[in-house]
Amino acid sequence: MSLLPVLRYPTVTELTTHARALTARHPGLCALRQVGLSRAGRPLHLLSVGRARRAVLVVAGAHANEPTGGSTLLSLAERVLHERELRNGTSWHFLLCADPDGASLHVTPAPRSLLEYHLGFFRPAGPEQPEWSPAVLPPDRLPPETRALTRVIDELRPYLQVTLHGTELGGSWVQLTKDIPGLAEPFGKSAARLHIPVETGASDAAGWPVSGPGVRVMPDADAGAAYPSMPDDARHSTWYHAHRYGGLTAVVEVPMWASDLVDDSAPHPAPAAAIRRLAERLLRDAREVERVLTEALPRLEGVDGPLLRAARWGLELVPGLASDWTHTPPADTTMAYVGSVDAFARRLPLRAAAMLWRVLQESDDHAAPRLEQLVGMWSDAFAVRFGARWVPLEHQVEHQSRTVVAAALHAREGAA
């Protein structure tokens, strides 16, 4: 299934060039500065619009495989510059890319299909993700990107941090570290106008309190995890760093390809049995990738790059997650939730296969064609099963931008 996007996602270099141009055109309002360096020495830049003490921080590029945020960030900066009421007593700050090293490894700026997207796929292992590393690493081992982000939060003390995320296939939803009353209505209206489904049963937010359709509030610290085996906990991520200053974080997710299966709130006739079958398929698919990895490892002696680490990390999550799904009652019983679990069960082995394929391809390993076959087969099956339809990039950006602005205005009212 191939639906051509009309635009491509900007590189980090293009984001920086555009930010410099904005600063040159509006020197009285804009400032661009370097706030840190990545592990590989790439600069992390912060674009600021306005100088008011009350601040909104917008973070793009926390996950390399979720490229919409860079385009949204540029659109938001332009909007804030041209709409004075958004700057009324509020400064806006834009971290252009939280993980420039990761962005350099995800190489599908204009994917025409899920297969093409996955053949250039990269998403780092959890300990190497800037926002998630505090959930899995001790403070003295945090990567420099994480330390740069938390320094920015410490300096700005934002009443709202927004981090721009996305999914390759599914719907749009919002995760909040504290509720923002009233956000669900403009979020839902924006999605409806742009024909983007609202993901009402996102497995990422399984069991969390509902603020409105597609808007979930992260649970209190004493709440049990829906998936006990997962090593990361959002409550230990950089999303909660703003809480020490009375702020909160909104995570705004938007799909590249949409599926109408993720907004069906009807009850599933047999959710537990369906999820057990999905767990069995997850284990089966992961074993196929693991067999290739085990057979190829002796030929990869000395190879330990981020692609291989990420592929192995993803495969390591599978047994525990499959056990959670098999032995824990479903956190939700809707068709949407089972659909979201189905998508999650497809993503993990597919992403691992795609990244391992890139490693073997670069090594000219004879096992690479087998993985390429799996990536192609699984990508096509994913698209067909979920009726994937491309969301025009301008619609992805418009919806994410509208949601950010609505979150900023509603959270400002609550903080006043």
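Definitions and limits used
Residues numbered from 1 in each chain as written. Predicted model: local features only at pLDDT ≥ 70, side-chain atom pairs only at ≥ 80, totals over all residues. Heavy atoms only, no water. Helix = DSSP H or I, 4+ residues; strand = E, 2+ residues; numbered from the N terminus. Expected span 1.5 Å × (residues − 1). Buried < 20%, exposed > 50% of the residue type's maximum accessible area, 1.4 Å probe, protein only. Disulfide = S-S within 2.5 Å. 1 Å grid on protein atoms, 1.4 Å probe; cavity = no way out; pocket = protein on both sides within 12 Å on 5 of 7 lines; lining within 4 Å. Points joined across faces, edges and corners; volume = space filled by probe spheres on them. Nonpolar A, V, L, I, M, F, W, Y, C, P; charged D, E, K, R; others polar. Phe/Tyr/Trp six-rings, centres within 6.5 Å; stacked < 30°, edge-to-face > 60°. Lys NZ or Arg CZ within 6 Å of the ring centre and 35° of its normal. Domains from an automatic or database assignment. Contact = heavy atoms within 4.5 Å. Buried area = accessible area lost by both parts, 1.4 Å probe. Pairing = 2+ DSSP bridges. Core = buried A, V, L, I, M, F, W, Y, C linked by side-chain atoms within 4.5 Å.

Asker: For this particular structure, what's the right way to read helix α2 (residues 68-82)?
Answerer: Side chains three or four residues apart in an α-helix point the same way, a direct result of the helix having 3.6 residues per turn. Over its 15 residues, α2 extends 22 Å from the first C-alpha to the last, a length consistent with the 21 Å expected when each residue adds 1.5 Å. Taking burial as the measure, the 15 residues of α2 include 11 buried ones, the bulk of the element. When α2 is considered as a whole, its buried residues turn out to be Thr-68, Gly-69, Gly-70, Ser-71, Thr-72, Leu-73, Leu-74, Leu-76, Ala-77, Val-80 and Leu-81.

Asker: Which parts of the structure should I look at to understand the state of the cysteines?
Answerer: Note on terminology: disulfide describes a covalent bond linking the sulfur atoms of two cysteines. Here the structure, examined in full by the defined rule, presents 0 disulfides. For Cys-30, which is in no disulfide, the shortest distance to another cysteine sulfur is to Cys-97 and amounts to 19 Å. The class of Cys-30 is buried, set by a relative accessible area of 3%.

Asker: Which parts of the structure should I look at to understand the layout of surface pockets?
Answerer: Summary: where empty space remains is shown by rolling a probe the size of a single water molecule over the atoms. The volume enclosed by the second largest pocket comes to roughly 460 Å³. Every residue lining the second largest pocket is counted, 27 residues in all, and those nearest its centre are Pro-10, Thr-11, Val-12, Cys-97 and Ala-103. Mapped onto the lining of the second largest pocket, the elements with two or more residues apiece are α1 (12-25), β2 (43-49), α2 and α3 (100-105). With 4 residues, the single largest contributor to the lining of the second largest pocket is α1. Tallied by class, the residues present in the lining of the second largest pocket amount to 13 nonpolar, 11 polar and 3 charged.

Asker: Would you mind showing me how to read the packing of aromatic side chains here?
Answerer: The description of an aromatic ring pair uses the distance of the two centres, along with the angle that the planes make with each other. Applying the stated criterion across every chain yields a total of 8 aromatic pairs. Between Tyr-117 and Phe-121, the aromatic rings sit 5.7 Å apart at their centres with planes inclined by 70°, giving edge-to-face as the arrangement. A relative accessible area of 1% places Tyr-117 in the buried class. Taken together, the aromatic side chains of Tyr-117, Phe-121, Trp-257 and Trp-390 make up a single cluster linked through ring pairs. Arg-385 extends its terminal NZ or CZ atom over the ring of Phe-386, reaching a point 5.5 Å from the ring centre.

Asker: Where do I start with the domain arrangement of the chain in this structure?
Answerer: Interface size is often expressed as the accessible area that is lost when the parts come together. Looking at the chain, the domain boundaries give domain 1 (12-257 + 390-415) and domain 2 (271-389). Taking the mean C-alpha position of each, domain 1 and domain 2 sit 26 Å from one another. At the interface, 40 residues of domain 1 touch 33 residues of domain 2. Counting each side, the surface lost to burial between domain 1 and domain 2 is near 3000 Å², with a carbon and sulfur contribution of 62%. If you sort the residues of domain 1 by the area they bury against domain 2, His-118, Leu-119 and Leu-169 come out on top, with a joint share of 18%.

Asker: Whenever I open this one, the pairing of β2 confuses me. Can you help?
Answerer: Remark: a regular strand shows side chains that alternate across the two faces of the sheet. Of all 7 residues in β2, 6 are buried, a share of seventy percent or more. Two elements, strand β1 (residues 30-37) and β2, share 7 bridges in a ladder whose sense is antiparallel. Its bridge partner lying in β2, Arg-33 is registered against Leu-46. The antiparallel hairpin formed by β1 and β2 contains 5 residues in its connecting segment, where Gly-41 sits at a positive phi of about 90°.

Asker: Explain the nonpolar core to me, please; I cannot follow it from the model alone.
Answerer: Side chains of a nonpolar character, in soluble globular proteins, are inclined to be buried together. Ranked by size, the top nonpolar core spans 62 residues in total, and within it Tyr-227, Trp-325, Leu-360 and Leu-371 carry the most contacts. In terms of residue count, the dominant contributor to this core is helix α10 (residues 335-362) (16 residues). Counting contributing residues, this core receives three or more from each of domain 1 (12-257 + 390-415) and domain 2 (271-389).

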